[in-house]
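# Fold and geometry: a report
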Amino acid sequence: GGGDSGGALGGGVDVGQAQAGWRRREAFPWRRGLWIVKPARGSVGHGIAIANASELLAAMRGEAVALSYGGSFPPGRAVVSPYLSEPLLHDGRKWDLRTYVLCTSALPMRLYLFTEGVVRYAAAAYGSSGRAAYLTNTHVGKETLHRGIAPITGTFAALGDHFSARAQRGGGEG
């Protein structure tokens with residue numbers, strides 16, 4: 001899960017089914033940059049991979065690929081999302097928001113968005129090596145830091161306070 005998704009390719013496309021479509025797009029605009037590849041039915045950070053465009057395309061053609069950032073492509077269905085190359089950082093780390101919605105009815109649709117959720121932070125500074133700098137997955141962070149979740153989670157209020165203070169100072173990274 002997490003903010004590493006956004007713009008999922010079909011919400012879980014079978015890699016084999018997508019191959020033909022990718023081959024037809026000679027000038028496909030997303031061939032640059034990094035991609036997050038997650039198993040369609042994954043959890044606790046298992047099977048999450050970061051791939052560059054050439055690695056992603058090679059895997060979609062059925063070739064064996066060694067990934068630059070470690071890990072391997074998940075077998076079967078996967079969610080593939082473009083990775084933001086310049087994310088908004090908090091104290092030099094990537095972050096995302098885990099929000100919660102309660103659905104009490106499908107017809108008519110009735111949803112309730114909870115006003116509080118969890119801010120999840122990457123365990124390592126953005127730009128450092130390894131997937132802990134690029135993924136905000138809580139399980140990955142705990143394994144990296146060998147401690148509880150306190151250093152890698154926060155509240156919406158604290159994040160808002162941080163960026164409000166940053167705006168008052170005139171911006172700047174962080």
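Basis of the calculations
Residues numbered from 1 in each chain as written. Predicted model: local features only at pLDDT ≥ 70, side-chain atom pairs only at ≥ 80, totals over all residues. Heavy atoms only, no water. Helix = DSSP H or I, 4+ residues; strand = E, 2+ residues; numbered from the N terminus. Buried < 20%, exposed > 50% of the residue type's maximum accessible area, 1.4 Å probe, protein only. Contact = heavy atoms within 4.5 Å. Areas by Shrake-Rupley, 256 points an atom, 1.4 Å probe, with all protein chains shown as cover.

### Structural notes on the overall build of the protein
From N to C terminus, the protein includes four helices and nine strands. Ordered by position from the N terminus, the helices and strands of the protein form the series β-α-β-β-α-β-β-β-β-β-α-β-α. Looking at the protein as a whole, 35% of its 174 residues are labelled buried. When contacts within the protein are restricted to residue pairs at least 6 apart in sequence, long-range pairs at least 24 apart make up 58% of them. About 10000 Å² of surface is accessible on the protein, with carbon and sulfur atoms providing 56% of the total.

### What about unusual backbone geometry?
Look at the link from Leu-107 to Pro-108: it is a cis peptide, with omega at -5°. Tracing the backbone through its elements, the reader meets Pro-108 in the loop between β6 (101-105) and β7 (110-113). Located in the positive-phi region is Asp-91, a residue other than glycine, with phi close to 50°. You can see Asp-91 is positioned in the loop between β4 (77-82) and β5 (95-98). Phi is positive for His-146, close to 55°, though the residue is something other than glycine. Within the fold, His-146 resides in the loop between α3 (138-145) and β9 (153-154). You can call His-146 exposed: its relative accessible area is 70%.

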